[in-house]
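Topology and contacts: notes
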Amino acid sequence: MTSCDAGCVLPANSFLPFCVDNLNKESLTLYVQMIKSKVDEEDYWHSSKFKAFTFDDEDDELSRLKESRQAVNNIRRLVEEDDDEDDVERVSWSGEPVGSISWSVKETAASSQRADREPAFPKISTDTPSISRSQSGYSLSSLFKGKPKVGNFQTFSDALTDSSVRLYAPELRKPKSEYKDYVSDWSPEETVQRLQQGKAVSLERFRTLQDKLLLLDHAIAAHDGNVITAVLIYLKRTLCKEVLFRELESRQTALRHFIHYLSETQNQRLLLELHRALGRAEDAALLQYKEHLSITDENKRRDFLKNCLSLPFSAEDLAHVQDHYTLLERQIIIEVTDRQAERGGKVEIFQKFPRKALILNMPLITTLYYCCFYHYAESEGTFSSPLNIRQTFKISEKQYFVTALAARAKLKAWLDVDALFASRNWLGFTRKKSPLSFQRVVDILQKNSAPTHVLQDYVALVDDGELRLTLAQKHKCHDIVISTYRDMKDRQLLLGYRGKVVRGSAEERKIDDLLSNPQIRWKN
């Protein structure tokens, strides 16, 4: 027991540090709050929503599950019982009992109005039809049960699947973000920028000539060939040729792109009209001349080339067209003659070396090679003579020499090859002379499988000593190698080369004679 200052006696276990008699209003309020918080704190710590584990928990959950299933079955029986149908009153969406006088009047009026409005062929509407509540004869019980009360009414699911009830889905419009790029009123500058970015843009809004030309100018200023070509394709489709050609004449960049586009698409007719409209007579003539490539018959092509000679070519181009016509005309003559000789079987060269292709439409050098191969010995007066072809088409000496050398080396006609190099000086002496370097001559002969004794004659004519020695070792011209080492007076090189020649051969005996010759002063 304790006592306060006023003499009051307090219990020993009291938590009050003061006497109740001395409490004022504020102290009393504080005292009540302390008691309440103390009680709440004890209830919180002594209470819990969780229970300790027992083996009876599973039985409790099973019993609760059974109770829930029984409740569901009771509800289903209440809905499916036929005895309850009389207790449920069918009402329409407006709340009126189905079968009443007011409901029958409204149903009759609504049916007559629908019959008047519906034509023989119902019009498809994009609006979603709505089912009026006042016209619906379906009760709430029929919706739950899935079957009508009487035979005159359908269930709600049957009404939805009935073919007589037409429900049309509305046609949804695309969002503006999808078709904005096609219908927006873009300026020419914005249109060009979108074309550069690869975005879809409609050019149909540019209808006036001024707008189209402004669009073309912006495309040219962008320095983008793809954009310029796209705009030109649109102008080609929407403008007449005269206006388009006139405007392109002052825009050379667009003109070059347009010419390239027509060339790639092989629109030769429009391209020819463009050159003529712009006064480009030579370009038009060259374009018309290129049409001979599509002619397969050689006689028709020859006649076409003959007509092309009257076109306004430049002097240089006219000379080429003239040579083309002359060459084709000569090829036709040679082909007819050689075909008859080949079929006759009397010309030996056609029997030993049958022709593998026709001479028609072949290049000039190929024609010269052909004549050097089959008609080398003919006189200059015939069309197939190599000298006649050289004279007619002004072939250079070097070009003629190379072609004739390759043709005669192919035939292994080494006498004709030697005759090509034969040259006489003013004293009457004969020596070999070539417009080509003899190193190139050796290469041509070696490619045509010339024998060693033929190669040796031309390797010896190479001026450079080291190059001559290299070629001699490469093509096994032993006499040249031995003579070169002898002139160099190099005994060791000669001894080394002796082991490379065939034993007992003439070359080995020649090396032995040089090594035993006392008159030669070797340097090693």
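Use the structure listed above.
A brief report on the enclosed structure follows.

Procedures and definitions
Counting restarts for each chain, with residues numbered from 1 along the sequence as it is written. Residue-level local features of this predicted model are given only where pLDDT is at least 70; pairs of side-chain atoms are given and counted only at 80 or more, and the full residue set underlies all totals for whole chains, interfaces and linings. Computation of side-chain values: all heavy atoms of the structure, hydrogens and water removed. Counted as salt bridges are all cases of a side-chain nitrogen of Lys or Arg within 4 Å of a carboxyl oxygen of Asp or Glu. Helix numbering and strand numbering both begin at the N terminus, where a helix is a DSSP run of H or I of at least 4 residues and a strand a DSSP run of E of at least 2. Here the term buried applies to any residue with accessible area under 20% of the maximum for its type, exposed to any over 50%, and partly exposed to those in between, with areas from a 1.4 Å probe on protein chains only. Of the two site types, the cavity is a set of points on a 1 Å grid over the protein atoms alone where a 1.4 Å probe fits but cannot get out, and the pocket is an open set with protein on both sides within 12 Å along at least five of seven lines, each lined by residues with an atom within 4 Å of a point. Grid points are joined across faces, edges and corners, and a volume is the space filled by probe spheres set on the points. Here a pair means two rings of Phe, Tyr or Trp (six-membered ring of Trp) with centres within 6.5 Å. Their orientation is stacked below 30 degrees between planes, edge-to-face above 60, and tilted elsewhere. Look at NZ for Lys and CZ for Arg. If either is within 6 Å of the ring centre and within 35 degrees of the ring normal, a charge sits over the ring.

1. Points about the pattern of salt bridges
Counting across every chain of the model gives 14 salt bridges. Here Arg302 makes a salt bridge to Asp303, at a shortest N to O gap of 3.6 Å. Salt-bridge contacts for Glu508 lead to Arg498; the nearest nitrogen and oxygen are separated by 3.4 Å. On the criterion of sequence distance, the pair formed by Glu508 in helix α26 (residues 506-515) and Arg498 in helix α25 (residues 491-498) is long-range, its members being 10 residues apart. The class of Glu508 is buried, set by a relative accessible area of 11%. A network of salt bridges, in which partner residues are shared, links Asp217, Arg246, Glu247 and Arg251.

2. Some details on the layout of surface pockets
Within this model, the second largest pocket holds a volume of roughly 350 Å³. What lines the second largest pocket is a set of 14 residues, among which Lys356, Tyr369, Tyr370, Phe373 and Tyr374 lie closest to the centre. Here the element with the most residues in the lining of the second largest pocket is helix α17 (residues 364-374); it accounts for five residues.

3. Observations regarding the packing of aromatic side chains
Under the definition given, this model contains 11 aromatic pairs. Taking the centre distance of 6.2 Å and the plane angle of 25° together, the rings of Phe421 and Phe438 count as stacked. In this pair, Phe421 is assigned in helix α20 (residues 414-421) and Phe438 in helix α21 (residues 438-447), connecting sequence segments 17 residues apart. Accessibility classification places Phe421 together with Phe438 in one group, the buried group. A centroid spacing of 4.8 Å and a plane angle of 50° characterise the contact between Phe421 and Tyr458, whose relative ring orientation is tilted. Taken together, the residues Phe421 in helix α20 and Tyr458 in helix α22 (residues 452-459) connect sequence positions 37 residues apart. By the burial criterion, Phe421 is buried, and Tyr458 matches it. Cluster of aromatic residues (ring-pair linked, three or more members): Phe350, Phe353, Tyr369, Tyr370, Phe373 and Tyr374. Seen from the ring of Tyr400, Arg390 lies directly overhead, with NZ or CZ sitting 4.8 Å from the centre.

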